[in-house]
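# Descriptive analysis of the structure
Given next are the chains, with one letter for each unit.
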Amino acid sequence: MKRAILLENGLIVDGTGASAQAGDVLLQGDRILAVGAKLRENLPAGLSLNDVDVRDCSDLAVAPGFIDVHTHDDAIVLNAPDMFPKLSQGITTVVTGNCGLSVAPFVVGEPTGALTLLGNSFKYPSVAAYAQAVSEAAPAVNVAPLIGHTTLRFACMGDLTRPATALETDAMCRLLDQCMAEGAIGMSSGLFYAEAMPAPAEEVTALARVVARHGGVYATHMRSEMSDILDAMHEASDCAFDAGVPLIISHHKCAGPGNWGRTQETLPLIDELAKRQEISMDVYPYVAGSTVLREDLVDGIIDVLVSWSAPYPEMTGRTLASIAAEWGVDQKTVCRRLQPGGACYFQMHEDDVRRVIGHPLSMIGSDGLPHDKHPHPRLWGAFPRVLARYWREQQLFSLETAVYKMTGLSARNFRLHQRGQLKPGWYADVVVFDPAKVRDVATYEDPIARSEGIRRVYVNGQLACEQDSAQGLAHAGRMLLRQKAPG
């Protein structure tokens, strides 16, 4: 019999949003055995204290492992399976395949365009092949895969500068149907990117109907997060509504100085849409986004920080403005010269970030890019930052709500079976943290820095990370394939 673990005398924040309670959590194998008070005096039948490792959690919070609903970790879980940037934040599950980009189902030696955000591990013609690779890599976190619309376009179309033909759409639908049958949890789109922008709503809706038949979800990086954001929101919601699939709006924001304050329009629209359809959104707790270098995002007003550049790697970590001054050219010219590359764009206003994070339908996602040489600090700090900045410092919401946005709400919206709550019989993904000290340390200047206050992390019942360890411990993550729809 495997030894049980008793997390004793903690503040139990169970992931439902309910009031925290002092008590204990008992783990055995990969499951939670019990949650309650004075469990050492009321152990389940057949279990004695001799079978239990007791861990004192006085002055600490015990919560479900955090779920990062917006990642681009498809390849890094294979190539760096310790997943320490995520594990050290208390993250136990990552949702991959966001923004229309997934490493499966597509095989190519040298990816191009937006696919470069995922590195170069495009070796998997199916979800089954990718799941096998994940199993062999044994990552330290669980992996829940979305299928990217852009990846389907690459796999089934020769020319991505136009809408798919009827035959190409049918081919994408068949391939997506196979992926869903093999356990993908849904589909994502990235209509903002050049390779998907030519796709009309009808193309996306046809694919979303496939997802709906399998009981999956549809997440979208909308066509616009700038001046045309309301039109983009209507397009996304209509596609999902017509297909009969739940909609998740990715990294909701109002980008660009001309759009600052417009969450006062977008959030009421989401509330209105929620009356007719299942809808939610994810958000990261920063005013800067990060993606590939794009000239259309360079306006000469906002700061742009280079995260990598193939032709000029020495410019990594510098702003376009400083490089432009050195080279004696404008910032758009610098942007063109540095491509291919990536950057952080300081394109949001803090008031908008606060409104979105505080909204009842928002979940937390890091949207970190693990392949960047100088990554956005969200890769290492997003989840502790929510706790430190928006709960403890600003009191934007309660601790229970903060944890719910990182756990129970996320698991429910993405259909992650028996995850996201501290509940007997559910999987033992657990984080123990110091609510008085938890905080992000990563900055834009020094983005690779471990957060503080995360004491212990258990993945499927195994100790995967603890405060004094310089690296991860057990690699107990699993592929979280979609549960089959009833009937």
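What you see is a predicted model; the values in this text were computed from it and never measured.

So, about the layout of surface pockets. In this model, the largest pocket occupies a volume close to 170 Å³. Counting only elements with at least two residues in the lining of the largest pocket, the list comes to α2 (84–87) and α12 (378–393). With 3 residues, α2 is the single largest residue contributor to the lining of the largest pocket. Across the lining of the largest pocket, the residue classes break down as 10 nonpolar, no polar and 4 charged.

A word on helix α6 (residues 201–213). For α6, with 13 residues, the first-to-last C-alpha span of 18 Å sits near the 18 Å given by 1.5 Å per residue. Within the span of α6, buried status applies to E203, V204, T205, L207, A208, V210 and V211. One or two residues past the end of α6 sits G215, with phi positive at roughly 75 degrees.

The geometry of an aromatic ring pair is captured by two quantities: the separation of the ring centres and the angle between the planes. The full count for this structure, using the stated rule, is 10 aromatic pairs. Taken together, a centroid distance of 5.7 Å and an interplanar angle of 40 degrees make the contact between F106 and F154 tilted. Taken as a pair, F106 in strand β8 (residues 106–107) and F154 in helix α4 (residues 149–156) lie far apart in primary sequence, 48 residues in all. In this pair, the class of F106 matches that of F154, namely buried. Here the aromatic cluster, defined as three or more aromatic residues joined through ring pairs, consists of F66, F383 and F433. Residue placement shows R31 over the ring face of Y427; its charged tip is 3.8 Å from the ring centre. Looking at R419, its charged tip hangs above the ring of Y427, at a distance of 3.9 Å from the centre.

This next bit is on empty space enclosed by the protein. With the rule as written, the count across this model stands at 3 cavities of 30 Å³ or more. Lining the largest cavity are 21 residues, with H221, K253, S290, T291 and Q347 positioned closest to its centre. In terms of residues, the lining of the largest cavity owes the most to one element, strand β15 (residues 289–292), which gives 3 residues. A per-class count over the lining of the largest cavity returns 10 nonpolar, 7 polar and 4 charged. Counted as a void, the second largest cavity has a volume near 70 Å³. Along its surface, the second largest cavity is lined by H251, H252, K253, C254, V283, Y284, Y286, M348, D352, V353 and V356. Here the residues of the lining of the second largest cavity sort into 7 nonpolar, 2 polar and 2 charged.

This next bit is on the pairing of strand β16 (residues 304–309). The element β16 is extensively covered by neighbouring structure, given that 5 of its 6 residues are classed as buried. In the sheet, β16 pairs with strand β17 (residues 341–345) via 5 bridges, with the strands oriented antiparallel. Bridging from a neighbouring strand, V306 pairs with A343 of β17.

What follows deals with unusual backbone geometry. Residues A104 and P105 are joined by a peptide bond in cis, for which omega reads 5 degrees. Note that the residue after Q339, namely P340, is joined by a cis bond; omega there is -5 degrees. Position of P340 relative to the elements: it lies in the loop between α10 (331–338) and β17. Backbone geometry places M83, a non-glycine residue, at a positive phi of 50 degrees. Secondary-structure assignment places M83 in the loop between α1 (76–79) and α2. Owing to a relative accessible area of 4%, M83 belongs among the buried residues under this scheme. In this structure, N460 is a non-glycine residue whose phi angle is positive, near 50 degrees. Tracing the backbone shows N460 in the loop between β20 (454–459) and β21 (462–466). The class for N460 is buried, based on a relative accessible area of 3%.

Cut-off values and rules
Residues numbered from 1 in each chain as written. Predicted model: local features only at pLDDT ≥ 70, side-chain atom pairs only at ≥ 80, totals over all residues. Heavy atoms only, no water. 1 Å grid on protein atoms, 1.4 Å probe; cavity = no way out; pocket = protein on both sides within 12 Å on 5 of 7 lines; lining within 4 Å. Points joined across faces, edges and corners; volume = space filled by probe spheres on them. Helix = DSSP H or I, 4+ residues; strand = E, 2+ residues; numbered from the N terminus. Nonpolar A, V, L, I, M, F, W, Y, C, P; charged D, E, K, R; others polar. Expected span 1.5 Å × (residues − 1). Buried < 20%, exposed > 50% of the residue type's maximum accessible area, 1.4 Å probe, protein only. Phe/Tyr/Trp six-rings, centres within 6.5 Å; stacked < 30°, edge-to-face > 60°. Lys NZ or Arg CZ within 6 Å of the ring centre and 35° of its normal. Pairing = 2+ DSSP bridges.

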